[in-house]
Amino acid sequence: MYIQRILRRILTLLAVIWAAATLNFFLPQLAPKNPITEKLTQLAETSGISGNQIAVLTEAFNERFGLDQPLWKRYFDYLHDIATFDFGYSISSYPTRVGDLIGGALPWTLGLMITTTLVSFAIGTLVGAYAAWRRDSLLMQAVSSVLMVFSAIPFYLIGLVLIYFLAAKGGWFPISGGYSLFSIPGWNWSFALEVLHHSLLPALSIAIASIGIWAIGMRGMMVTVQGEDYMVFAKAKGLKPRRVFLRYGVRNAVLPQVTTLALFFGQVVTGAVLVEIVFGYPGMGNLLLESITLFDYPTIYGIVFILIVTIALSMLLVDLIYPLIDPRVRA
Amino acid sequence: MTLLEVRDLCIDYFTSTRVIHAVRGVSFDVAPGERVALVGESGSGKTTTALALMQMIEPPGKIVGGTAKLNGTDLLALRGDAVRASRLANVAYIPQGAMNSLNPVLRLREQILDGLVDHGQRLDRKAADALVAGALKGVGLSPDLARAYPHELSGGMKQRACIAIAIAMKPDLVIADEPTSALDVITQKQVMATLIAAQEEIGCGLLLIGHDMGLMAQATNRVIVLQHGLIAEDAPVGRIFTDPQHAYSRMLIDSVPTLGKRAETAAPAVIAKPEAASLMEFDKVSKTFGGGLFGNDAVRALDTCSFRLADEHPQIISVVGQSGSGKTTLARMVLGFETPSTGEIRYRGKPMAAMRAEERRAYRREVQAIFQDPYGSFNPFYKVDRALSLPLANFGLTTQGGSARSRMEEACEAVGLDAGEVLGRFPHELSGGQRQRLMVARALMIGPRMLVADEPVSMVDASLRMTILGNLQRLKDRFSISVIYITHDLATAYHVSDYVLVLHKGRIVEAGLPGDVIERPEHPYTRSLVDAIPWPDPNRHWGTGAPDRAGWDARQIIRGQSAGFVLNAAG
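Residues numbered from 1 in each chain as written. Chains lettered and ligands numbered in written order. Predicted model: local features only at pLDDT ≥ 70, side-chain atom pairs only at ≥ 80, totals over all residues. Heavy atoms only, no water.

Details of the overall build of chain B
Scanning chain B from terminus to terminus reveals 19 helices and 22 strands. Seen through its principal axes, chain B has C-alpha atoms that stretch 75 × 55 × 50 Å. A total of 571 residues make up chain B; the buried ones form 56% of that total. Residue pairs in contact within chain B that sit at least 24 positions apart in sequence constitute 72% of those at least 6 positions apart. (Helix = DSSP H or I, 4+ residues; strand = E, 2+ residues; numbered from the N terminus. Buried < 20%, exposed > 50% of the residue type's maximum accessible area, 1.4 Å probe, protein only. Contact = heavy atoms within 4.5 Å.)

Structure representation (structure tokens):
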């Protein structure tokens with residue numbers, strides 16, 4: 001039964017990916033601009049290519065990228081390519097392959113986002129639960145208000161404030177980048193420390209806001225759970241407050257949070273575009289921005305496809321994990 | 001010698017505008033091994049008193065005075081960790097909401113053991129297994145259930161599990177707060193028998209809280225009647241039922257319906273003519289849930305049945321049975337919320353499946369529902385007037401404020417409410433009984449021909465039940481409204497209905513006039529149901545034996561027909 005359900009989920013997953021990928025293919029075709037012309041016009045402004053040359057070049061590039069083929073053929077080629085994770089060449093950074101561009105940016109973003117998401121989920125959930133548990137204490141009421149304020153501020157705004165005070169004024173942190181311009185990336189301690197040093201401010205700006213979001217959600221759930229009959233019974237059983245809080249309260253209140261967390265993971269690939277831009281962080285966000293401004297279709301396709309796959313995978317993850325933490329949905 | 005000595009207990013609730021004296025100087029004793037009833041209507045302070053013994057009064061409530069000595073130790077003077085330590089070990093509490101009292105994500109085993117662990121017991125795996133198995137067996141549950149989660153248990157099993165958890169440390173005093181209020185009579189009797197057996201086994205005192213005098217007569221030695229936070233009467237069970245001293249005790253006792261005193265209505269000897277116009281007709285209707293494409297096990301919720309409710313003889317038809325008997329499925333089909341799996345339902349001769357939009361609208365207007373929960377039926381943000389006038393607006397019946405108002409007043413008057421007192425108020429300002437009567441009034445607003453009432457009085461105080469049901473009876477005569485009364489309470493069905501259907505596992509096992517079916521039941525299942533009614537008479541004990549389930553599947557018994565209601569034996 002469980003195997004059957006997993007198989008069905010995986011089939012759904014493939015169907016979702018196919019449908020989204022198809023949309024992903026056709027939507028940009030509606031845009032009125034031609035990427036090749038766009039790129040060449042840019043080129044023409046900096047170097048001196050004539051209009052004639054542009055026309056010839058455009059034709060050559062169209063052929064090179066297969067843009068002269070009929071739409072249905074391009075669609076099937078596209079499906080074949082993405083199934084093998086081959087996104088072709090980037091138009092804006094020709095002749096780099098899109099796969100290499102994404103491969104270079106993805107670890108930066110994943111490292112930053114997964115760590116900050118997990119850390120802020122853990123902290124936010126516990127703080128929110130405790131704020132509900134001690135609703136009557138003035139301190140916790142103050143904490144709740146502060147969290148609510150932070151949860152309402154966008155990531156990048158916090159980022160700008162942090163840069164101003166801690167980097168520009170204080171000088172304790174670098175203002176931008178994933179590592180300093182002068183060092184050579186490599187697997188050694190000094191470089192790892194440098195990466196960590198550079199990632200702290202972006203991480204902090206994401207964490208501050210998302211801790212607030214997690215805490216507010218958890219606080220609401222925990223207040224509801226505290227009104228449940230089993231909480232009254234747990235107290236009447238003379239259980240230690242710690243057990244009532246964790247095993248009875250948090251254990252039940254966290255269930256919807258886990259769903260949100262999994263959906264959150266679906267967004268990690270592009271989760272903090274603006275933060276990456278503010279901090280000049282060499283991740284997926286920056287790559288996405290660049291490729292959009294330059295109408296670099298292959299790269300956009302590639303990023304969006306990775307995004308679709310991660311969202312679909314994280315939804316599969318919810319379906320697989322939820323029965324493990326909530327016995328009521330095991331059927 | 002006394003086990004528990006409560007003296008001058010006072011509990012106040014400090015709301016923002018005033019102080020409510022919930023419990024005002026209550027004093028009583030409980031002897032070792034004694035079972036004492038704490039009886040009163042909602043708001044009488046009975047649960048507050050019980051929670052005070054556990055120091056579980058939540059703000060804005062506060063214990064403002066008094067002592068409660070258990071074996072010489074004042075429970076109210078305990079401070080800090082001693083409060084927690086005395087719970088379960090000395091005073092145990094069995095909560096009211098059996099359905100939701102267990103943590104849904106933990107196995108029973110853990111929920112039995114965690115209390116012991118937090119009271120300093122160290123058990124190795126083997127000892128723990130043995131203890132859990134013993135605790136479960138002690139309340140009549142299979143030891144295999146140790147690994148079960150709460151949602152895998154029935155209501156009765158959950159309440160047994162709560163009992164097992166509460167008595168695991170053999171406390172000196174057990175407080176049971178309406179432990180059976182959500183259970184049907186057969187399950188109620190079995191759970192009470194389990195609770196009493198366990199209590200006698202460990203020899204503790206039992207404080208049984210409730211509002212059902214019948215149950216108290218069967219289960220306790222002494223009854224304390226609370227009213228407005230004061231003790232109205234405190235007497236042995238043998239005396240209070242024969243010679244109540246306080247008018248309030250007498251009222252509580254008299255409000256419990258008993259058999260034999262039924263006011264017979266006009267002799268229902270006339271058999272409805274088959275050609276008479278029918279209001280609602282079930283033609284070989286059955287309902288099966290599940291099955292189909294995904295291969296889940298199909299559940300037969302209602303076996304094939306056929307009946308016809310005539311138009312000109314309004315009737316109150318009671319449908320009785322335990323939970324899972326199919327009575328709610330039947331009600332939902334009458335209301336059109338479910339469609340039959342086989343057969344046809346006809347309203348005024350028109351098949352429901354073939355109704356056009358405006359016919360369906362007329363049907364929706366004429367067939368109204370009254371639900372179980374008078375607390376959840378109202379939107380708390382609106383005055384009750386809105387709930388009453390909404391049906392009028394929905395059916396486009398009136399637009400003038402004045403005529404709506406007069407209709408509301410009429411409807412209130414019809415259900416015995418003072419319109420001036422209830423209209424213009426918010427739901428939370430009204431009592432459960434008032435709200436439930438308002439729900440009846442709401443249904444009346446648009447001139448229905450039929451009411452479907454699913455357990456309309458199970459959540460209101462016992463003393464109000466007969467009043468509300470009496471109201472339904474008068475409405476039937478005055479407005480010619482037929483009523484389908486769904487309940488597990490045979491005693492009320494006996495008094496209000498013209499015809500009774502007894503359902504068991506989706507099958508009508510016995511049907512007939514209430515005088516026959518409930519006073520002289522013939523089917524073994526009906527007999528078990530009637531035997532489980534707690535009579536408000538300690539001398540008429542309901543027995544301790546488990547019901548004889550062997551005959552429950554015996555064949556159908558139909559005894560007599562009623563004017564206007566024809567049941568087809570053939571199905």
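Here we look at unusual backbone geometry
All names here are of chain B. In this chain, Pro59 is followed by Pro60 through a cis amide linkage whose omega measures 10°. Topologically, Pro60 is positioned in the loop between α1 (46–53) and β4 (61–70). With a phi angle near 55°, Ser480 is a residue other than glycine that sits in the positive phi range. Tracing the backbone through its elements, the reader meets Ser480 in the loop between α16 (462–479) and β18 (482–487). Assessed through its relative accessible area of 32%, Ser480 is described here as partly exposed.

Focus on the side chain of B:Ser528
Relative to the assigned elements, B:Ser528 resides in helix α19 (residues 524–531). If sequence neighbours within four positions are ignored, B:Ser528 has contacts with B:Ile186, B:Pro547, B:Asp548 and B:Trp552.

Description of the interface of chain B and chain A
Often, the extent of an interface is quoted as the loss of accessible area upon association of its parts. At the interface, 29 residues of chain B touch 23 residues of chain A. For the pair chain B and chain A, the summed buried surface comes to about 2,400 Å²; carbon and sulfur atoms form 58% of the total. By the criterion of area lost to chain A, the three top residues of chain B are B:Pro104, B:Val105 and B:Asp118, representing 22% of everything that side buries. Between chain B and chain A we count three salt bridges in total. (Buried area = accessible area lost by both parts, 1.4 Å probe. Salt bridge = Lys/Arg side-chain N within 4 Å of Asp/Glu carboxyl O.)

Concerning the nonpolar core
Generally speaking, nonpolar side chains in soluble globular proteins are found buried as a group. Residues and elements named next belong to chain B. In this structure, Ile370, Cys412, Leu438, Leu472, Val502 and Ile518 are the most contacted members of the largest nonpolar core, which totals 58 residues. The dominant element in this core, judged by the number of residues it contributes, is helix α15 (residues 432–444), at six residues. Look past the residues within four positions of Val502 in its chain and what remains in contact with it is Val320, Arg507, Ile508, Val509, Glu510, Val517, Tyr525, Thr526 and Leu529. Of all hydrophobic cores here, the second largest spans 56 residues; its members include Leu116, Met169, Val191 and Ile196. (Core = buried A, V, L, I, M, F, W, Y, C linked by side-chain atoms within 4.5 Å.)

Comments concerning the environment of A:Ile82
All names here are of chain A. Residue placement: Ile82 occurs in helix α4 (residues 71–83). In the structure, Ile82 is positioned 28 residues away from Ile54 in sequence and 30 Å away in space, judged by C-alpha atoms. Beyond its immediate stretch of four places on either side in the chain, Ile82 contacts Ala21, Phe87 and Phe305.

Side note on the pairing of strand β19 (residues 499–504) of chain B
All names here are of chain B. Within β19, six of the six residues are buried, which leaves the element mostly enclosed by the surrounding structure. Bridge analysis of strand β13 (residues 316–320) against β19 gives four bridges, and the strand direction is parallel. If you follow Ile317 over to β19, its bridge partner there is Tyr499. Pairing geometry for β19 and strand β20 (residues 507–512), over five bridges, is antiparallel. If you follow Leu503 over to β20, its bridge partner there is Ile508. (Pairing = 2+ DSSP bridges.)

Examining the domain arrangement of chain B
All names here are of chain B. Per the domain assignment, the segments making up chain B are domain 1 (4–254) and domain 2 (278–535). The C-alpha centroid of domain 2 is placed 34 Å from the C-alpha centroid of domain 1. Taken together, the contact between domain 1 and domain 2 spans 17 residues of the former and 15 residues of the latter. Interface area for domain 1 against domain 2, summed over the two sides, is near 1,300 Å², with a carbon-plus-sulfur share of 56%. Where domain 1 meets domain 2, there are zero salt bridges. Scanning the region where domain 1 abuts domain 2 turns up three residue pairs in polar contact (both at pLDDT 80 or more). Elements with a minimum of two residues in the side of domain 1 that touches domain 2: α6 (185–202), α7 (213–219) and α9 (247–254). The element best represented in the side of domain 1 that touches domain 2 is α6, accounting for five residues. Here the residues of the side of domain 1 that touches domain 2 are counted per class, giving seven nonpolar, six polar and four charged. (Domains from an automatic or database assignment. Polar contact = N/O pair within 3.5 Å; in protein donor to acceptor, adjacent residues only side chain to side chain. Nonpolar A, V, L, I, M, F, W, Y, C, P; charged D, E, K, R; others polar.)

Looking at the layout of surface pockets
Each pocket or cavity is described by its volume, and for the second largest pocket that value is around 810 Å³. Taken together, 21 residues form the lining of the second largest pocket, with A:Trp133, A:Gln226, A:Lys235, B:Glu58 and B:Pro59 sitting closest to its centre. Those elements giving two or more residues to the lining of the second largest pocket turn out to be α5 (98–133) and α10 (241–266) of chain A together with α2 (81–89) of chain B. No other element matches α2(B), which puts three residues into the lining of the second largest pocket. A per-class count over the lining of the second largest pocket returns nine nonpolar, four polar and eight charged. (1 Å grid on protein atoms, 1.4 Å probe; cavity = no way out; pocket = protein on both sides within 12 Å on 5 of 7 lines; lining within 4 Å. Points joined across faces, edges and corners; volume = space filled by probe spheres on them.)

So, the side chain of A:Gln226
Among the secondary structure elements, A:Gln226 is positioned in helix α8 (residues 189–226). In contact with A:Gln226, not counting residues within four places along its chain, are A:Ala132, A:Trp133, A:Arg135 and A:Met231.

With respect to the sheet that holds strand β5 (residues 73–74) of chain B
Residues and elements named next belong to chain B. Sheet architecture is open: four strands sit in the order β2-β1-β4-β5, paired in antiparallel fashion. Across the chains shown, the open sheet's two edge strands, defined by having one partner strand only, are β2 (19–30) and β5. Each of β1 (4–14), β2 and β4 touches α1; the most contacted strand, β1, lies at about 110° to it. (Axes fitted to C-alpha atoms, helices over the stretch in contact; angles between N-to-C directions.)

A few points about the domain arrangement of chain A
Residues and elements named next belong to chain A. For chain A, the assigned domains read domain 1 (2–63) and domain 2 (105–329). Facing 18 residues of domain 1, the contacting portion of domain 2 comprises 15 residues. Put simply, domain 1 and domain 2 have one salt bridge between them. Arg9 serves as the salt-bridge partner of Asp319, at 3.1 Å between the closest nitrogen and oxygen. Counting across the domain 1 and domain 2 interface gives one residue pair in polar contact (both at pLDDT 80 or more). Of all elements in the fold, only α1 (2–29) and α2 (35–46) reach the threshold of two or more residues within the side of domain 1 that touches domain 2. For the side of domain 1 that touches domain 2, the per-class residue count stands at 11 nonpolar, three polar and four charged.

Remarks on the sheet that holds strand β14 (residues 342–347) of chain B
Residues and elements named next belong to chain B. Strand order in this open sheet of five strands is β15-β14-β11-β12-β22, and the pairing throughout is antiparallel. For this open sheet the edge positions go to β15 (350–351) and β22 (565–568), each flanked by a neighbour on one side alone. Along the sheet, helix α10 (residues 327–334) contacts β11 (278–289), β12 (299–310) and β14; its crossing angle with β11, the most-contacted strand, is approximately 130°.

Side note on the packing of aromatic side chains
Residues and elements named next belong to chain A. If you walk through the whole model with that rule in mind, you get 16 aromatic pairs over all chains. Joined through ring pairs, the aromatic side chains of Phe25, Phe26, Tyr75, Phe76 and Tyr78 make up one cluster. Across from the ring centre of Phe233, 5.9 Å away, lies the NZ or CZ of Lys237, which sits over that ring. (Phe/Tyr/Trp six-rings, centres within 6.5 Å; stacked < 30°, edge-to-face > 60°. Lys NZ or Arg CZ within 6 Å of the ring centre and 35° of its normal.)

What to know about helix α12 (residues 284–293) of chain A
Residue and element names in this part refer to chain A. All of the buried residues in α12 are Met284, Gly285, Asn286, Leu287, Leu288 and Ser291. For α12, the elements touching its buried residues are α5, α11 (273–279) and α13 (297–325). At the C-terminal side of α12, Phe295 shows a positive phi close to 50°.

Quick word on the environment of A:Tyr130
Residue and element names in this part refer to chain A. Looking at where Tyr130 falls in the secondary structure, it is placed in helix α5. Here Tyr130 falls in the partly exposed class, since its relative accessible area comes to 32%. As a C-alpha pair, Tyr130 and Ser144 span 14 residues in sequence and 9.9 Å in three-dimensional space. Dropping the residues within four chain positions of it, Tyr130 is found in contact with Met140 and Phe245. There is a polar contact of 2.8 Å between the side chain of Tyr130 and the side chain of Arg134.

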